[in-house]
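Listed here are the chains, written in short residue letters.
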Amino acid sequence: MSSSSQGADGLFISFEGIDGAGKSSHVQTLAQAFRAQGWAVTVTREPGGTPLAEKLRTLALGEPMDPLTEALLMFAARRDHLVRVIEPALARGEAVLCDRFTDATFAYQGSGRGFDLQVLAQLEAWVQRTPAGDLREPHLTLLFEIDPSIAAARLAGARVPDKFESQPVDFFSRVATGYALRVRQNPSRFARVDADQPREAVWTDVLAALRSRGWLT
Ligand code: TMP
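The notes below deal with the structure included here. This structure is a prediction, so every number in the text was calculated from the model and none was measured.

Right, let's talk about the overall build of the chain for a bit. Counting secondary structure elements, the chain contains eight helices and five strands. Reading the helices (α) and strands (β) of the chain from amino to carboxyl end gives β-α-β-α-α-β-α-α-β-α-α-β-α. Taking 217 residues into account, the globule formula puts the C-alpha radius of gyration at 17 Å, and the chain, at 17 Å, falls close to it. Each principal axis of the C-alpha atoms in the chain carries an extent, and together these give about 45 × 40 × 30 Å. When contacts within the chain are restricted to residue pairs at least 6 apart in sequence, long-range pairs at least 24 apart make up 78% of them. Just so you have it, the chain exposes about 9900 Å², and 55% of that area is on carbon and sulfur atoms. On the chain, the mean spot of the 24 positive side-chain charges and the mean spot of the 26 negative ones are 3 Å from each other.

What follows is about the site of the ligand. Neighbouring residues of the ligand: 14 residues in total, closest Asp19, Arg57, Arg100, Thr105 and Gln109. Contact distances for the ligand include 2.8 Å between a nitrogen atom and a side-chain N or O atom of Gln109. Burial of the ligand by the protein chains amounts to 96% of its free accessible area of 480 Å². For the shell around the ligand, the secondary-structure elements that each account for two or more residues are helix H2 (51–62), helix H3 (67–91) and helix H4 (102–112). Per element, the largest residue contribution to the shell around the ligand is four residues, and it comes from H4. In the shell around the ligand, the residues fall into six nonpolar, two polar and six charged.

Turning next to helix H5 (residues 117–127). All buried positions along H5 are accounted for by Leu120, Leu123, Glu124 and Val127. One side of H5 holds all its buried residues, which, seen down the axis, span an arc of 105°. Exposed residues pointing more than 90 degrees away from the buried face of H5 are listed as Gln118 and Trp126. Those residues of H5 that are buried are in contact with H3, H4 and helix H7 (169–185). You can read the cap of H5 off the contacts: a side-chain oxygen lies 2.8 Å from the backbone nitrogen of Gln118, and it is on Asp116.

Within the largest apolar cluster, 48 residues are counted, with the highest numbers of intra-cluster contacts made by Leu30, Phe34, Tyr108, Leu142 and Leu210. Beyond its immediate chain neighbours, meaning those up to four positions away, Tyr108 contacts Gly17, Ile18, Asp19, Arg100, Arg113, Phe164, Phe171, Phe172, Val175 and Tyr179. Of all hydrophobic cores here, the second largest spans 15 residues; its members include Phe12, Phe75, Phe101 and Phe115.

Running from N to C, H4 and H7 cross one another at 130°; their axes reach a closest spacing of 8 Å. As far as their axial angle goes, H7 and H4 are oblique. In the packing of H4 onto H7, the handedness of the crossing is right-handed. When H4 is examined against H7, the residues Thr102, Asp103, Ala104, Phe106, Ala107, Tyr108, Ser111 and Gly112 are found in contact with a partner set consisting of Phe171, Phe172, Arg174, Val175, Gly178, Tyr179 and Arg182. Its residues assigned to classes, the contact of H4 with H7 shows eight nonpolar, four polar and three charged.

Further remarks concern the side chain of Glu87. Tracing the sequence through the fold places Glu87 in helix H3. For Glu87, the side chain forms a polar contact with the side chain of Arg136, separated by 2.8 Å. Aside from chain neighbours lying at most four places away, what touches Glu87 is Leu82, Thr130, Pro131 and Arg136.

Once that is clear, we can look at unusual backbone geometry. At the junction of Glu46 and Pro47, the peptide bond is cis and its omega measures out at -15° in the coordinates. Locating Pro47 in the fold gives a position in the loop between strand E2 (41–45) and H2. At Arg100, a position not held by glycine, the phi torsion is positive, near 80°. By secondary structure assignment, the location of Arg100 is in the loop between strand E3 (95–99) and H4. In this structure Arg100 comes out as buried when scored by relative accessible area, which is 12%.

This brings us to H7. Between its first and last C-alpha atoms H7 spans 25 Å; for 17 residues at 1.5 Å apiece the expected length is 24 Å, and the two agree. Considered for burial, the residues of H7 that qualify are Phe171, Phe172, Val175, Gly178, Tyr179, Arg182 and Val183. Buried residues of H7, viewed axially, fall in a sector of 145°; they line one side. Exposed residues on H7 whose side chains face more than 90 degrees from its buried face are Asp170, Thr177 and Arg184. Against strand E1 (11–17), H4, H5, strand E4 (140–145), helix H6 (148–155) and strand E5 (190–194) lie the buried residues of H7.

Scoring rules and cut-offs
- Residues numbered from 1 in each chain as written.
- Predicted model: local features only at pLDDT ≥ 70, side-chain atom pairs only at ≥ 80, totals over all residues.
- Heavy atoms only, no water.
- Helix = DSSP H or I, 4+ residues; strand = E, 2+ residues; numbered from the N terminus.
- Rg over C-alpha atoms; globule rule 2.2 N^0.38 Å.
- Contact = heavy atoms within 4.5 Å.
- Areas by Shrake-Rupley, 256 points an atom, 1.4 Å probe, with all protein chains shown as cover.
- Lys, Arg positive; Asp, Glu negative; His and termini not counted.
- Charge placed at Lys NZ, Arg CZ, Asp CG, Glu CD.
- Near = heavy atom within 4 Å.
- Polar contact = N/O pair within 3.5 Å; in protein donor to acceptor, adjacent residues only side chain to side chain.
- Nonpolar A, V, L, I, M, F, W, Y, C, P; charged D, E, K, R; others polar.
- Buried < 20%, exposed > 50% of the residue type's maximum accessible area, 1.4 Å probe, protein only.
- Arc of directions from axis to C-beta.
- Core = buried A, V, L, I, M, F, W, Y, C linked by side-chain atoms within 4.5 Å.
- Axes fitted to C-alpha atoms, helices over the stretch in contact; angles between N-to-C directions.
- Parallel < 35°, antiparallel > 145°, perpendicular 65-115°, else oblique.
- Left-handed = near helix turned anticlockwise from the far one by under 90°.
- Expected span 1.5 Å × (residues − 1).

Such coordinate-based values are descriptive only and should not be taken to indicate function.
Structure below.
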């Protein structure tokens, strides 16, 4: 069941931020809040979310490769994820909560790796074309913001780092700049959350962002 205000097109929310910002722990909590208000919810992630896209994730996060190969893998995984999971769930009127989406490609492969942002915009237009011919974008993107050196300290020793998590702080400063650029290009899509607060305070800000848009009461 979905909120009547979203009709058959569901509600698409993405979660973004540099590694160590703590976004992922809020995805499940927000899913529970939506379910408690009668929504059917799909919780998913990128790269990943389908058997094929999870295989591409293992490659993209584990193998060294040039930035174009990395960007193409991210978009290949995204296409499979959109076709098999995201579009069908939105067509059923569900809330789709996605841990990362295309802003991550602009921030990591674009600003982090220095890959051409205009090429990424072309790939975005091809890959995210909906069955109706529109560009599929999240209705809301929650951007968890934190100083890259604090995020690095949080990550240190937490688990064996993948290819991205083991990047230096400079890389994450560029990624954060990339996210800020995406916000400037489309401010109404984003809610910026100060992630350098106790978890409860971060959650309060997440809820406030949803409530101010009328999607949770
Ligand atoms: P996660 O650790 O939040 O699941 O994200 C996986 C890693 O993949 C994270 O370091 C960010 C990176 N990533 C990209 O570089 N480009 C992308 O398009 C996506 C979705 C993730």
